[in-house]
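If you want the building blocks of each chain, they are given just below.
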Amino acid sequence: MTEDRPRNLRAMLAEAKDLSELMVDLAYAALYFSDPDMATEVDELELQMTVLVQQMRAVCVMAVRHPREAEGMASVLQVISAIERIGNDAVDIARIVTRKLGIPAELVADMSHAEEVSHRLVVNEGSHMAGSTLGALELPVVAGMRVMAIRRDRSWITDVGGDQLVMSGDVLFLRGSPAGIVRLHELAAAPVWEEPQLSEDPWFSDLDRAVNVLVEMKDLSEAAVGLAYSALVLSDRGLAAQVRLLEGRLDEMNHQLELWVLRAAAQNINPAPLRGLLHLGQVAEDIGDQARQMVALLETGEEVHPILEIALGDSEEVVVDLPVAAGSEADGVLLKDLALNIEPGFTVLAIRRAGRYMYRPRGNVVLLVGDEIIASGPDEGREALSTRLGWNLVRESATRY
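Because the structure is predicted, anything quoted here is derived from the model rather than measured.

Colleague: What is the right way to read the overall build of the chain from this model?
Modeller: Looking only at helices and strands, one finds 13 helices and eight strands in the chain. Considering the chain as a whole, with its 401 residues, one finds that 53% of them fall into the buried category. Summarising the internal contacts of the chain: among those between residues at least 6 apart in sequence, 80% fall at separations of at least 24. Of the roughly 18400 Å² that the chain leaves accessible, carbon and sulfur atoms contribute 50%.

Pasting the structure below:
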């Protein structure tokens, strides 16, 4: 194993999780911006994923020294396979661009209203961003968006960390809440952003319904993956059950999508863009399937190796589970008014109330004392999130893994 590769399974698992998420983000961004270069970059990342997966599987095999250890390690291999498949799904999304399968303009416009969006930003000379590191800018905290990749001239930078210097002329590709885009443009001294719009007289048909369903499928598939990681980190069978429900709903929605696309094709509509719709529906469904595979062992009560909890909670984005304290800033407040996706840059995956879950809760949910907030976001924002929910975070010492 080369020195630039992780030295242990824990580090490799965390890297694989982050890499698969980066691939999906870049693939959707390539679709949104019709950028074949970004789509090609996803193919390059797949090669890295293939090597990483092979290394992890080898470590798993070598680590089993006794038959009783095999069952626990099997859970690790199952998660590794699911992460690999999610990376493959990202490649399938990118190939809509490289193979020119086509996508309706209505979908591109609707993608700007998704739970999280991809955004492209040019850093102008003399702006607040130029000459600063990503760590100093704290974009996930300030604007609720994180940098996925940087294009500098003709080169791509995909391994972006806090010490990455941002230069004038850089093109940043970000992902996060659309509410933070205006602030981003201010920081980059970029022109005022105007979101994509449909034509003045949009037509309504089964195709419109298909596009709306596909946007929701995108959100639900990403929510399913986030909840699956949360379930493993928190050893929460209730969250695992929610992943199963989401996976079933994605199956049903894909059936609806196929029906509506076929009906639209019968209305003398250009069939070329419809291929991309069907392709995206299948990918979103498969991502949901992989989320379900990750938590299958939790649901059946089988042994789950503890390294999964440690490694998946050790990636660039962390998962937290915090209750709303009485008298806190969140007590009795609408979720949208808290704007946690802007400050401190956390996405609320679910709210657990009286033993039941609300996944991907909408902004009009009023938070109550005792609500457990399950959210993912940047590690540097954990203290701020804890404070807003009424708690002082005490970080534990490093683990032995």
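Colleague: I tried to follow the sheet that holds strand β2 (residues 145–152) on my own but got confused; where do I start?
Modeller: Hydrogen bonds along the backbone pair up the strands of a sheet, which may run parallel or antiparallel. An order of β1-β4-β2-β3 is seen for the four strands of this open sheet, with the pairing classed as antiparallel. Looking at strand neighbours, the two that pair on one side only are β1 (117–122) and β3 (155–157), the edges of this open sheet. With strand direction ignored, the average angle separating the axes of adjacent strands in the sheet is 25°. Packing against the sheet, helix α1 (residues 9–33) makes contact with β1, β2 and β4 (171–176), and its axis sits at approximately 70° to β1.

Colleague: Before we go on, may I ask you to explain the sheet that holds strand β7 (residues 356–359) in this structure?
Modeller: Across the sheet, which stays open at both edges, the four strands sit in the order β5-β8-β6-β7 with antiparallel pairing between neighbours. Of all the strands in the sheet, the pair left with one neighbour each is β5 (317–323) and β7. The sheet shows a mean angle of 20° between the axes of neighbouring strands, direction not considered. As judged from the seven bridges shared by β5 and strand β8 (residues 372–378), these two strands associate in the antiparallel manner. Directly across from Asp-321, in β8, lies its bridge partner Ile-374.

Colleague: Which parts of the structure should I look at to understand the packing of aromatic side chains?
Modeller: Each pair of aromatic rings is reported with the distance of its centres and the angle of its planes. A complete count under the given rule lists zero aromatic pairs for this structure. Above the face of the Tyr-28 ring, Lys-218 is positioned so that its terminal group lies 4.9 Å from the ring centre.

Colleague: Explanation requested: helix α2 (residues 36–63) in the structure shown.
Modeller: Because each turn of an α-helix spans 3.6 residues, side chains separated by three or four positions in sequence point in the same direction. Over its 28 residues, α2 extends 41 Å from the first C-alpha to the last, a length consistent with the 40 Å expected when each residue adds 1.5 Å. Every buried residue of α2 is accounted for by Met-38, Ala-39, Glu-41, Val-42, Leu-45, Met-49, Leu-52, Val-53, Gln-55, Met-56 and Cys-60.

Colleague: Hey, could you run me through the nonpolar core in this one?
Modeller: Counting residues in hydrophobic clusters, the biggest one holds 88 residues, and the most contacted among them are Leu-13, Met-56, Val-76 and Met-294. A total of 16 residues in this core trace back to one element, the largest contributor, which is α1. Residues Val-117, Val-123, Leu-134 and Val-166 belong to the second largest nonpolar core, which totals 21 residues.

Colleague: When you look at the pairing of β7 in this model, what are you seeing that I'm missing?
Modeller: Each regular strand shows side chains that alternate between the opposite faces of the sheet. In terms of strand pairing, strand β6 (residues 347–353) meets β7 through four bridges, oriented antiparallel. When the sheet's bridge partners are listed, Ala-350 is paired in β7 with Tyr-359. Following β6, the chain reverses through two residues before pairing antiparallel with β7; Ala-354 in that reversal takes a positive phi of roughly 55°.

Colleague: Got a minute to help me understand the packing of α1 against α2 in this structure?
Modeller: Two elements in contact, α1 and α2, have axes whose closest approach is 10 Å; the angle formed by their N-to-C orientations is 160°. Overall, the two elements α1 and α2 adopt an arrangement that is roughly antiparallel. α1 and α2 meet at a crossing whose hand is left-handed. Considering only residue class, the contact of α1 with α2 consists of 20 nonpolar, three polar and three charged.

Colleague: Explain unusual backbone geometry to me, please; I cannot follow it from the model alone.
Modeller: In this structure, Glu-138 is a non-glycine residue whose phi angle is positive, near 50°. Turning to its location among the elements, Glu-138 is positioned in the loop between α5 (134–137) and α6 (139–142). Under the relative-accessibility criterion, Glu-138 is labelled partly exposed at 36%. One non-glycine residue, Ala-189, lies in the positive phi region at around 55°. In this structure Ala-189 comes out as partly exposed when scored by relative accessible area, which is 44%.

Rules used in this analysis
Residues numbered from 1 in each chain as written. Predicted model: local features only at pLDDT ≥ 70, side-chain atom pairs only at ≥ 80, totals over all residues. Heavy atoms only, no water. Helix = DSSP H or I, 4+ residues; strand = E, 2+ residues; numbered from the N terminus. Buried < 20%, exposed > 50% of the residue type's maximum accessible area, 1.4 Å probe, protein only. Contact = heavy atoms within 4.5 Å. Areas by Shrake-Rupley, 256 points an atom, 1.4 Å probe, with all protein chains shown as cover. Pairing = 2+ DSSP bridges. Axes fitted to C-alpha atoms, helices over the stretch in contact; angles between N-to-C directions. Phe/Tyr/Trp six-rings, centres within 6.5 Å; stacked < 30°, edge-to-face > 60°. Lys NZ or Arg CZ within 6 Å of the ring centre and 35° of its normal. Expected span 1.5 Å × (residues − 1). Core = buried A, V, L, I, M, F, W, Y, C linked by side-chain atoms within 4.5 Å. Parallel < 35°, antiparallel > 145°, perpendicular 65-115°, else oblique. Left-handed = near helix turned anticlockwise from the far one by under 90°. Nonpolar A, V, L, I, M, F, W, Y, C, P; charged D, E, K, R; others polar.

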